[in-house]
Amino acid sequence: MKKSLYMTTALAAASVLALGATDAMAAEKAKKMEVKISGSFTSLVGFTRQNGSFESTASSTARTGYDSFNIVNNSEIHFRGTSKLDNGIAVSVIVQLETDQSEAGGGHTSNAANGSVNNTIDESYVKLTGGFGDVRIGNTKAASFVLKHGAPLGGAIALENPDTNNWIVRPGAVNPSSLSNGTVGTNIGGGDDMKFVYISPKFSGFRLGGSYTPSNSEADTPAAVGGTAGTDTQTYDAMVSYESKLGSVDLKADLGYFEVHGTAATSQKAWRTGISLGFGAITVGGSYQDRDNIDSGQTNLANEAFGVGAQYKTGPFAVGVKYFNVASPQSAAVAGDDEVTKIAVGGSYTMGPGISLVGTIVHVDWDEETTADANNNDGWAAIGGIKVSF
C-alpha cells in the first residue's frame, strides 16, 4: 500500500514538473516583440543659380535675392519590430522618426518655404502579413504608391517630390494646389494620413492593392465630411501591378486610379500608369498621370504629369538621366498653363556597405500663366554629398 502511494505521489510530482517545464518552454518561445533600429542620413551641399529676372535687382529690390550655396540634410530613424504567430501570420510595427531641424514642426504642418510637409513622426503603422497578403493600418503610404513603377534616376535628389525646391525656388504664384509644389508627379497616394491598406499576394506576376483614407485632418475624432462646415477629405485608391521576367528582360508595370472626396475645390480623381524595363545593367522606364476635378466648373486641380528616364549600373557605380514635366491650366481667361519642367543627371558610387557618394546636376523651369518676372523662375543646381543607411 505504501509502495503504491509512493508511486502515485512520484507520478503526480513528475507530471507537475513536466507541465511546468512545458509551460516554461512555451513562455520562453513566445517572447515579446523585439524592436530593431535602422535608418538613413543624407548630407548634401550644392551651388545654384536662379533666373536673374526672378530675383531682386537694382531697380526692383522688393523681390528676394537668394544665396548660390546651400546645405541640406535629410535623415530618419526607423523603429521596426516583427513577431510571427503560431498560425503563420507575421505582425510588424513600423515607426519612422524625422530627425532634421527643418522637419521639427511636428504633426503635418505645411512648410510654405519649400512646399514640403513637416512631420516629427513620418510613417507609423501596424502590418499583418500572411497567405492572405499584406494589411497595413496607420499613417503610411497608399497601396498605389507601394506598387508603382517608373523612370529611374538615382543620385543626390529625386524629381517627383519637393527636393528641387531646396535649390531652384518655386515662385509662389505657380499654383500649389494643382502642382502641389511639384510633388504631384506621376504618383498617387504618397501622403501619410491615417488609412487602411491591403496588398494581395503575387499570383502569376500580378498584385492587387487598394486603400481607404477616412480623413486628412490628422485627428482621432470622426471625419467632418458633411454639412456646410464639413471640410475633411476622404481618399480611395486601387492599383494592379505586374512584375515578371520575360527572357532576359525584367518587366514591371502598373495601372492605378484614385479619388479624393471633399469640398468642390478639393475633390479630384486621377489615373496613372508606369513601366520599368531592365536589360542587365541598363534600366529604362516612364510613368504618366492624368488628374482632374470631380465637380463640374472646377479646374484648379487638373494637370498632366509624365516622366521618362534611364539608368546604367555596374559594380559600385550608377548613373542616370531623367526628364519630368507637370502642366496645369489655371484660368480660361489666360492662355497657357502653370508648368514645371525638370531634367537631371544623377550618379552614385558605393564606397562600402550602406555608404555612397552621390551627385546630381539639375535644371528646373517654373512657368506661371502670366509672364511677370516675379512669377517665373528657372535655374541650375550642382549638388553632391553622402548617403548613409544603417
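Any aromatic ring pair is given by two values, namely how distant the centres are and how the planes are angled relative to each other. Inspection of every chain in the model, using the stated rule, returns 7 aromatic pairs. Their ring planes at 50° and their centres at 4.6 Å tell us that Phe206 and Tyr242 sit as a pair that is tilted. With a gap of 36 residues between them, Phe206 in strand β9 (residues 206–213) and Tyr242 in strand β10 (residues 234–246) connect regions that are remote in the sequence. The class for Phe206 is partly exposed, based on a relative accessible area of 34%.

We now examine a nonpolar patch on the surface. A cluster of nonpolar residues, Leu128, Phe132, Ile137, Phe196, Tyr198, Tyr212 and Tyr236, forms a patch on the protein surface that exposes about 590 Å² of accessible area. We classify Phe132 as partly exposed; its relative accessible area is 34%.

Ranked by internal contacts, the top residues of the largest apolar core, which has 20 residues, are Leu44, Ile157, Trp167, Val362 and Ile383. Listed by contribution, the elements that provide at least two residues to this core are β15 (317–328), β16 (338–352), β17 (355–367) and β18 (377–389). Residues within four places of Ile383 in sequence aside, it is in contact with Leu44, Val45, Gly46, Ala156, Ile157, Trp167, Val358, Gly359, Thr360 and Val362. If you look at the next biggest cluster of nonpolar residues, it comprises 5 residues, including Ala143, Val197, Ile199 and Met239.

Moving on, we get to the pairing of β10. Taken together, the 8 bridges between β9 and β10 define a ladder with antiparallel strand orientation. Of the residues in β10, the one forming a bridge with Leu208 is Val240. Relative to strand β11 (residues 249–261), β10 runs antiparallel, the two being bridged by 13 bridges. Note that in β11 the partner of Ser244 across the bridge is Leu251. Connecting β10 to the next strand, β11, in antiparallel fashion are 2 residues, including Gly247 with a positive phi near 65°.

Thresholds, definitions, all that
Residues numbered from 1 in each chain as written. Predicted model: local features only at pLDDT ≥ 70, side-chain atom pairs only at ≥ 80, totals over all residues. Heavy atoms only, no water. Phe/Tyr/Trp six-rings, centres within 6.5 Å; stacked < 30°, edge-to-face > 60°. Helix = DSSP H or I, 4+ residues; strand = E, 2+ residues; numbered from the N terminus. Buried < 20%, exposed > 50% of the residue type's maximum accessible area, 1.4 Å probe, protein only. Patch = residues over 30% accessible without salt bridge, like charges linked within 9 Å, V, L, I, M, F, W, Y side chains within 5 Å. Areas by Shrake-Rupley, 256 points an atom, 1.4 Å probe, with all protein chains shown as cover. Salt bridge = Lys/Arg side-chain N within 4 Å of Asp/Glu carboxyl O. Core = buried A, V, L, I, M, F, W, Y, C linked by side-chain atoms within 4.5 Å. Contact = heavy atoms within 4.5 Å. Pairing = 2+ DSSP bridges.

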